[in-house]
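# A closer look at the structure
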Amino acid sequence: MSAVRVRQHVNPLCRKYQTPSEPPLWDKVYANPTQPLHLDIGCARGRFVLKMAQLQPDWNYLGLEIREPLVEEANRLRDELGLTNLHYLYCNANNTLQALLASLPPATLQYVTIQFPDPWFKKRHQKRRIVQPELVNLLATYLAPGAIVLLQSDIEEVAIEMRQRFANHPAFLSQNGDNWLAENPLAVPTEREIATQAKGEPVYRALFKKA
């Protein structure tokens, strides 16, 4: 299958993306919806969670992505592989996440990854960044106690901002203090992580635990 071509960056605040997506029926998308859930926000082509779902069948994986063609392609590949612990949802996390998290079976959300999000360098565009205080509050509300949040970026400014927003919230405890994690704690790197490290450039990582 040839790769779907889409725009690299999508403005989540534009009118096209202001209609919230409906949460799925969890017992329709997962064989066992009560398994621990790993949520990947901004999953792009979804290869990271695809590999994780194959490695850990006793976890459910959910990838959120704002570019619909990528979601359609990812769900086709999931179906071809017959995976029943993986789902991709086309949505704008800014206006869909609260209803989505509220619909989950209690205490199932146990891991969240936000990896290499769009940096939006210009000052007037930074409100488009995914890690805003509202998102941190939502995760604080719905993550199970002891759940983990992994943040990664190849842009130090973006990584610092993400880390600070979680560090400022009393529900999250930093697992690496003011230092960056030297290695990815997960078994599967993202495509962006592989490309960044192949160029000899740093990846900035931070890990938080829900109190």
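Located above this text is the structure these notes cover.
Residues numbered from 1 in each chain as written. Predicted model: local features only at pLDDT ≥ 70, side-chain atom pairs only at ≥ 80, totals over all residues. Heavy atoms only, no water.

## Looking at the overall build of the chain
Our working rule: Strands here mean DSSP runs of E at least two residues long; helices mean DSSP runs of H or I at least four residues long; both are numbered from the N terminus. Should any heavy atoms of two residues lie within 4.5 Å, those residues are considered in contact. Surface accessibility follows the Shrake-Rupley procedure with a 1.4 Å probe radius. Residue values consider only the protein chains on display as shielding.
Of regular secondary structure, the chain possesses 7 helices and 7 strands. Across the chain, helices and strands are ordered from the amino to the carboxyl terminus as α-β-α-β-α-β-α-β-α-β-α-β-α-β. At a minimum sequence separation of 6, the contacts of the chain that also span at least 24 residues come to 79%. About 10700 Å² of surface is accessible on the chain, with carbon and sulfur atoms providing 51% of the total.

## Side note on helix 2 (residues 47-55)
Inclusion rule: Here the term buried applies to any residue with accessible area under 20% of the maximum for its type, exposed to any over 50%, and partly exposed to those in between, with areas from a 1.4 Å probe on protein chains only.
Listing the buried residues of helix 2 in full gives Phe-48, Val-49, Leu-50, Met-52 and Ala-53. Residues of helix 2 that are buried sit in contact with strand 1 (37-41), strand 2 (60-65), helix 3 (68-81), strand 3 (86-90) and strand 4 (109-115).

## Quick notes on the environment of Pro-57
Looking at the element boundaries, Pro-57 is found in the loop between helix 2 and strand 2. A sequence separation of 27 residues divides Pro-57 from Thr-84, and the C-alpha atoms of the two residues are 8.5 Å apart. Discounting chain neighbours no more than four positions away, the residues touching Pro-57 are Gln-35 and Asn-85.

## Observations concerning the packing of aromatic side chains
Heads up, the rule is: Pairing of aromatic rings covers Phe, Tyr and the six-membered ring of Trp, with a centre-to-centre limit of 6.5 Å; geometry is then stacked below 30 degrees between planes, edge-to-face above 60, and tilted otherwise.
All chains considered together, the criterion is met by 4 aromatic pairs. With a centroid separation of 5.5 Å and an interplanar angle of 65 degrees, the aromatic rings of Trp-180 and Tyr-204 are classed as edge-to-face. Here Trp-180, found in the loop between strand 6 (172-174) and helix 7 (191-198), pairs with Tyr-204, found in strand 7 (residues 204-210); they are 24 residues apart in sequence, far enough to count as distant. One aromatic cluster is present, formed by Phe-166, Phe-172 and Phe-208 through successive ring pairs.

## Things to note about empty space enclosed by the protein
Here is the rule we go by: A pocket, in this scheme, is an open set of points on a 1 Å grid over the protein atoms alone with protein on both sides within 12 Å along at least 5 of 7 lines, while a cavity is a set where a 1.4 Å probe fits but cannot get out; residues line either one if an atom lies within 4 Å of a point. Grid points are joined across faces, edges and corners, and a volume is the space filled by probe spheres set on the points. Residues were grouped as follows: Ala, Val, Leu, Ile, Met, Phe, Trp, Tyr, Cys and Pro as nonpolar; Asp, Glu, Lys and Arg as charged; and all remaining residues, including Gly, as polar.
Tallied over the full model, the rule gives 2 cavities of 30 Å³ or more. If you add up the space inside the largest cavity, you get close to 40 Å³. Of the voids in this model, the second largest cavity is the one considered here, and its volume is about 30 Å³. Lining the second largest cavity, in full, are Pro-117, Asp-118, Arg-129, Ile-130, Val-131, Val-158, Glu-161 and Met-162. In terms of residue class, the lining of the second largest cavity is built from 5 nonpolar, no polar and 3 charged.

## Thoughts on the pattern of salt bridges
Our working definition: Criterion for a salt bridge: a side-chain nitrogen of Lys or Arg within 4 Å of a carboxyl oxygen of Asp or Glu.
For the coordinates displayed, the defined rule picks out 7 salt bridges. Linking Arg-78 and Asp-79 is a salt bridge whose minimum nitrogen-to-oxygen distance equals 2.8 Å. Note on Arg-78: relative accessible area 12%, which makes it buried. Linking Glu-193 and Arg-205 is a salt bridge whose minimum nitrogen-to-oxygen distance equals 2.8 Å. Placement of Glu-193 in helix 7 and of Arg-205 in strand 7 is noted, with a sequence separation of 12 residues between them. Arg-205 shares its class with Glu-193; the two are buried.

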